[in-house]
Amino acid sequence: CRMFPIGESGVGGCLVERPGHRPAADGTLVYLNVDGRLDQVLERAQQNGGKLLVPRTAIDGGFGFYAVITDSEGNQVGLHSR
């Protein structure tokens, strides 16, 4: 289990491995905030076996950028940054 710590306010959570389950190719897509480091995170993911599914894309209205990767285990993960 991996925990996501929180400060005074916010949302916390954790990731739990479920042996025997395959990562979903469709369904709920979790987006993680990479806080201004989108390009660096995309590069690091690819260097470690991840694949870029949706490249850095501007969000209309000045709401930042997003991208989608498949990590080294086949999980799809969305990334967001201002």
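Quick note: structure is the one above.
**A look at the sheet that holds strand β3 (residues 31-33)**
Turning to step 1, where the next piece is worked out: With mixed pairing, the four strands of this open sheet are ordered in space as β3-β6-β5-β4. The outermost strands of the open sheet, each flanked by one partner alone, are β3 and β4 (51-58). Averaged over all neighbouring strand pairs, the angle between strand axes comes to 20°, with direction disregarded.
Turning to step 2, where the next piece is worked out: In this structure, strand β5 (residues 65-70) lies alongside strand β6 (residues 76-81), joined through six bridges in antiparallel fashion. By the bridge assignment, A67 is partnered in β6 with L79.
Turning to step 3, where the next piece is worked out: Helix α1 (residues 38-47) rests against β4, β5 and β6 of the sheet, and its axis sits at about 10° to β5.

**Observations concerning the pattern of salt bridges**
Turning to step 1, where the next piece is worked out: Counting across every chain of the model gives one salt bridge.
Turning to step 2, where the next piece is worked out: Ionic pairing is found between D39 and R56, a salt bridge with its closest N-O pair at 3.1 Å. With D39 in helix α1 and R56 in strand β4, the pair connects residues that are 17 residues apart, well separated along the chain.

**Re the side chain of T70**
Turning to step 1, where the next piece is worked out: Residue position: T70 is located in strand β5.
Turning to step 2, where the next piece is worked out: Beyond its immediate chain neighbours, meaning those up to four positions away, T70 contacts G50, K51, L53, N75 and Q76.

Rules used in this analysis
Residues numbered from 1 in each chain as written. Predicted model: local features only at pLDDT ≥ 70, side-chain atom pairs only at ≥ 80, totals over all residues. Heavy atoms only, no water. Pairing = 2+ DSSP bridges. Helix = DSSP H or I, 4+ residues; strand = E, 2+ residues; numbered from the N terminus. Axes fitted to C-alpha atoms, helices over the stretch in contact; angles between N-to-C directions. Contact = heavy atoms within 4.5 Å. Salt bridge = Lys/Arg side-chain N within 4 Å of Asp/Glu carboxyl O.

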